[in-house]
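Results of the structural survey
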Amino acid sequence: MSYESDLARIETIVGELERSEIPLDDALRLFEEGIERLRTAQGALMQAEARVRKLIEDSDGGFSLADFES
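Report on the accompanying structure. As the structure is a prediction and not an experimental result, all values here were calculated from the model.

Structural remark: α-helix, 3.6 residues per turn; residues separated by three or four positions point the same way. The terminal C-alpha atoms of helix α1 (residues 3-18), which comprises 16 residues, lie 23 Å apart, in line with the 22 Å expected from a rise of 1.5 Å per residue. Those residues of α1 that fall on the buried side of the exposure criterion are Asp 6, Ile 10 and Ile 13. Each buried residue of α1 sits inside an arc of 65 degrees when the element is viewed along its axis, so together they form one side. Turned more than 90 degrees from where α1 packs its buried face, Glu 4, Glu 11 and Glu 18 sit exposed. Where the residues of α1 are buried, they touch α2 (24-53).

Along the chain, Arg 37 turns up in helix α2. Ignoring sequence-local partners within four residues, the contact set of Arg 37 consists of Met 1, Ser 5, Asp 6, Arg 9 and Ile 10.

The next subject is the pattern of salt bridges. In the structure shown here, the tally under the stated rule is five salt bridges. Between Arg 37 and Asp 6 there is a salt bridge; the shortest N-O distance is 3.1 Å. Taken as a pair, Arg 37 in helix α2 and Asp 6 in helix α1 lie far apart in primary sequence, 31 residues in all. Of the two residues, Arg 37 and Asp 6, both sit in the buried class. Linking Glu 21 and Arg 19 is a salt bridge whose minimum nitrogen-to-oxygen distance equals 3.3 Å. Classification of Glu 21 by relative accessible area gives exposed; the value is 56%. Residue Arg 19 is classed as partly exposed on the basis of its relative accessible area, which comes to 41%.

What counts, and at which threshold
The numbers attached to residues start from 1 for each chain and follow its sequence in the written order. Since the coordinates come from a predicted model, pLDDT governs what is reported: local features require at least 70, and pairs of side-chain atoms require 80 or more to be given and counted, while whole-chain, interface and lining totals use all residues. With hydrogens and water set aside, each side-chain value is computed from the structure's full complement of heavy atoms. For helices the rule is a DSSP run of H or I covering at least 4 residues; for strands it is a run of E covering at least 2, with both sets numbered from the N terminus onward. Take the residue count of a helix, subtract one, and multiply by 1.5 Å to get its expected span. Relative accessibility thresholds used throughout: buried, under 20% of the residue-type maximum; exposed, over 50%; partly exposed, between the two (1.4 Å probe, protein chains only). In this context, the arc is that of the directions from the helix axis out to the C-beta atoms. Note on contacts: a residue pair qualifies if any of its non-hydrogen atoms lie within 4.5 Å across the two residues. One speaks of a salt bridge when a side-chain nitrogen belonging to Lys or Arg is within 4 Å of a carboxyl oxygen belonging to Asp or Glu.

Here's what the structure looks like:
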């Protein structure tokens, strides 16, 4: 799954959890799924940040992205 799809699902889960009539078992299941997707999205952001940090200025003033090892 992509970061964008995880984020969209998290937003859907939040909306469902905000409803007061949701049964407790369903709420717990949704909460667990939300936490799992949040961790996945956070990992994707951390990888993106690491790639940005590897951005190196060339001697001619341009920029290049060094190879990123995951």
